Amino acid sequence: MPLLLLDLDNTLLDRDGPFRAWGERFLDSIGAPPTDIDWLLSVDADGLTDRWDVADAIRDRYGLRIPSIDLVEELHDGVVGFTRLDPLVACALRIADDAGWVPVVVTNGTSRQQDAKIRRTGLDRYVADWVISEEAGVSKPNPRIFALAAQRARMPLRGAWVIGDSPEADIGGATAVGLPSVWLHRGRRWSDTRFAPTRTVDGLIAAVAAVLAG
Ligand SMILES: [Mg+2]
């Protein structure tokens, strides 16, 4: 029974769509031009920017008097509220499970937001467990977070596969720990010369199929 280590944002759950949907509603609520969504997306950087920095950037740009803490909460809850589990992703996880794989989520981010996304979308019913960098005290690509996931599932790390969309965090992490990986390209070309994914696919369903095929 091998482990299947899965990234969360833009791998198991779409993050682009929910962030954009929240952002458009938020900009409208403060009377900002709709075209500012491109600025907001670049500040967010796929969620990699610290939420407090995103909140400060928004406050500065629009001269808002909203306290940062309220804006950070709005950033958390707003995006979670727009996040949905694709039924086909749920189906792919079921198939992997039936084939003897044990799916465990390994994600960077804050416990509060990632935990809420996993539970409120119902993804928790399709994975054995999840490890979030904030509570783990270590982030991808550090190999220790993958070791922690194996420990949590009480399974060996050997034989596991890693699936994710981040070249550095997911594929770099898999390489560092010595595991094969599947990269979700999301329309990008692979450019890192230090390491490369074992397989490259266009989505989670194809990624699971690639792992099952070996
Ligand atoms: Mg990701």
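Residues numbered from 1 in each chain as written. Predicted model: local features only at pLDDT ≥ 70, side-chain atom pairs only at ≥ 80, totals over all residues. Heavy atoms only, no water.

As recorded in an unreviewed UniProt entry, the protein chain goes by the name Putative hydrolase of the HAD superfamily, listed as coming from Micromonospora chaiyaphumensis.

### A word on the sheet that holds strand β4 (residues 161–164)
Sheet architecture is open: 6 strands sit in the order β3-β2-β1-β4-β5-β6, paired in parallel fashion. Pairing within the sheet leaves two strands with one partner each, and these edge strands are β3 (129–132) and β6 (199–201). Direction aside, the axes of adjacent strands within the sheet are offset by 20° on average. Of the pairings in the sheet, the one linking strand β1 (residues 3–6) to β4 comprises 3 bridges and is parallel in character. Bridge pairing links Leu4 to Trp161 in β4. (Pairing = 2+ DSSP bridges. Helix = DSSP H or I, 4+ residues; strand = E, 2+ residues; numbered from the N terminus. Axes fitted to C-alpha atoms, helices over the stretch in contact; angles between N-to-C directions.)

### Some details on the coordination of the magnesium ion
Here the magnesium ion is held by Asp7 (OD), Asp9 (O) and Asp165 (OD), and the distances to it run 2.1 to 2.2 Å. Going along the chain, you hit the donors of the magnesium ion in the pattern D-x1-D-x155-D. Here Asp9, found in the loop between β1 and α1 (16–29), pairs with Asp165, found in the loop between β4 and α9 (167–177); they are 156 residues apart in sequence, far enough to count as distant. (Donors = N, O, S within 2.8 Å, 3.2 Å for Na, K, Ca; no water.)

### Some points on helix α10 (residues 204–213)
For α10, every residue scored as buried is listed here: Leu204, Ala207, Val208, Ala210 and Val211. With its buried residues spanning 155° around the axis, α10 presents them on a single face. Contacts from the buried residues of α10 go to β1, α5 (87–98), β4, β5 (181–184) and β6. Just beyond α10, the residue with positive phi is Gly214, at close to 90°. (Buried < 20%, exposed > 50% of the residue type's maximum accessible area, 1.4 Å probe, protein only. Arc of directions from axis to C-beta. Contact = heavy atoms within 4.5 Å.)

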